[in-house]
Each structure stands twice: as structure tokens, then as C-alpha cells.
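The residues making up each chain are set out below.
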Amino acid sequence: MRLLFLMIMTAFSFMALPAKALEILSGEVIQGGLVLLKAEPGSSLSLDGEPLMVTEDGIAVIGFHRDDTAPVTVTGIAKTGRVTSQQFTPKLREYEEQR
């Protein structure tokens with residue numbers, strides 16, 4: 001029982017650690033996709049130089065047009081001044097034709 005308690009507490013302590021860089025929480029980098037990102041709490045983010053809305057916890061959302069093929073760059077600036085940048089290139093999606 002004590003071991004189970006320690007394992008659970010360890011798992012929760014890792015979940016509380018802030019992201020060290022940009023991290024994809026959910027979604028897929030694909031044409032027509034929506035991606036939920038996590039940055040360090042209090043960070044500001046930009047997408048190809050345009051500011052993104054970011055929660056105080058460092059959560060942001062980016063989306064891709066159904067025909068996007070060009071890579072986009074997300075740049076984050078943490079409260080400490082540390083800059084992180086990550087490029088995302090959407091995968092091609094095959095759409096089923098509707099007639």
C-alpha cells in the first residue's frame with residue numbers, strides 16, 4: 001500500500017512540472033488539424049511573428065488550413081527571457097471526395 005502511494009505521488013509531482021519547451025498536449029500537425037500546445041507558464045507565444053493568445057498556464061491552440069503545406073514557426077518567450085522556437089510542418093491529408 002505504501003509503495004502504491006509513493007508511485008501515485010511521484011506521478012503527480014511529474015505532472016506539475018512546467019514544460020521546458022513547446023510541447024504538443026493533443027492534436028496532430030496535419031492539414032485541417034488543431035493542436036493544443038504547452039509552454040512554460042507565463043510565456044508569450046507567436047506564430048510566424050503574430051502573437052498567439054496564451055493562458056497563464058502556458059496553453060495555446062494553433063490550427064492548420066485544409067490545404068496548408070508550408071511550415072510554421074512557433075516562438076515562445078518565457079518570463080525569464082528564455083526563447084524557444086519550434087517549427088511545425090503539417091502532414092498531407094487525403095480527403096474523401098464527396099459527390
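Treat the numbers as computed from the prediction; the structure is a model and nothing was measured. (Residues numbered from 1 in each chain as written. Predicted model: local features only at pLDDT ≥ 70, side-chain atom pairs only at ≥ 80, totals over all residues. Heavy atoms only, no water.)

**Student:** Outline unusual backbone geometry, supporting the account with residue identities and numerical values.
**Tutor:** Glycine aside, a negative phi is what most residues show, and trans is what most peptide bonds show. Although it is not a glycine, Asp48 sits at a positive phi angle of roughly 50°. Looking at where Asp48 falls in the secondary structure, it is placed in the loop between strand 3 (44–47) and strand 4 (50–51). Residue Asp48 is classed as partly exposed on the basis of its relative accessible area, which comes to 48%. (Helix = DSSP H or I, 4+ residues; strand = E, 2+ residues; numbered from the N terminus. Buried < 20%, exposed > 50% of the residue type's maximum accessible area, 1.4 Å probe, protein only.)

**Student:** Account for the sheet that holds strand 5 (residues 59–63), naming residues and giving values.
**Tutor:** Judged by pairing direction, the sheet is antiparallel, and its three strands sit side by side in the order 1-2-5 without closing on themselves. Two strands in the sheet have a free side with no partner beyond their single neighbour: strand 1 (23–27) and strand 5. Averaged over all pairs of adjacent strands, the angle between strand axes in this sheet comes to 30°, irrespective of strand direction. (Pairing = 2+ DSSP bridges. Axes fitted to C-alpha atoms, helices over the stretch in contact; angles between N-to-C directions.)

**Student:** How would you sum up the sheet that holds strand 6 (residues 72–77)? Please name residues and give values.
**Tutor:** Spatial strand order, 4-3-6-7: four strands in an open sheet with antiparallel pairing. The sheet is open, and its two edges are formed by strand 4 and strand 7 (83–88), each paired on a single side. Where strand 3 meets strand 6, four bridges bridge the pair, whose relative direction is antiparallel. Residue pairing in the sheet places Ser44 in a bridge with Ile77 of strand 6.

**Student:** Could you give an account of the side chain of Glu40, naming the residues involved and the relevant values?
**Tutor:** For Glu40, the location among the structural elements is in the loop between strand 2 (34–38) and strand 3. Look at Glu40 and you get buried, because its relative accessible area is 19%. For Glu40, the side chain forms a polar contact with the side chain of Arg82, separated by 2.6 Å. (Polar contact = N/O pair within 3.5 Å; in protein donor to acceptor, adjacent residues only side chain to side chain.)

So, to be careful, I would describe these as geometric facts and stop short of saying anything about function.
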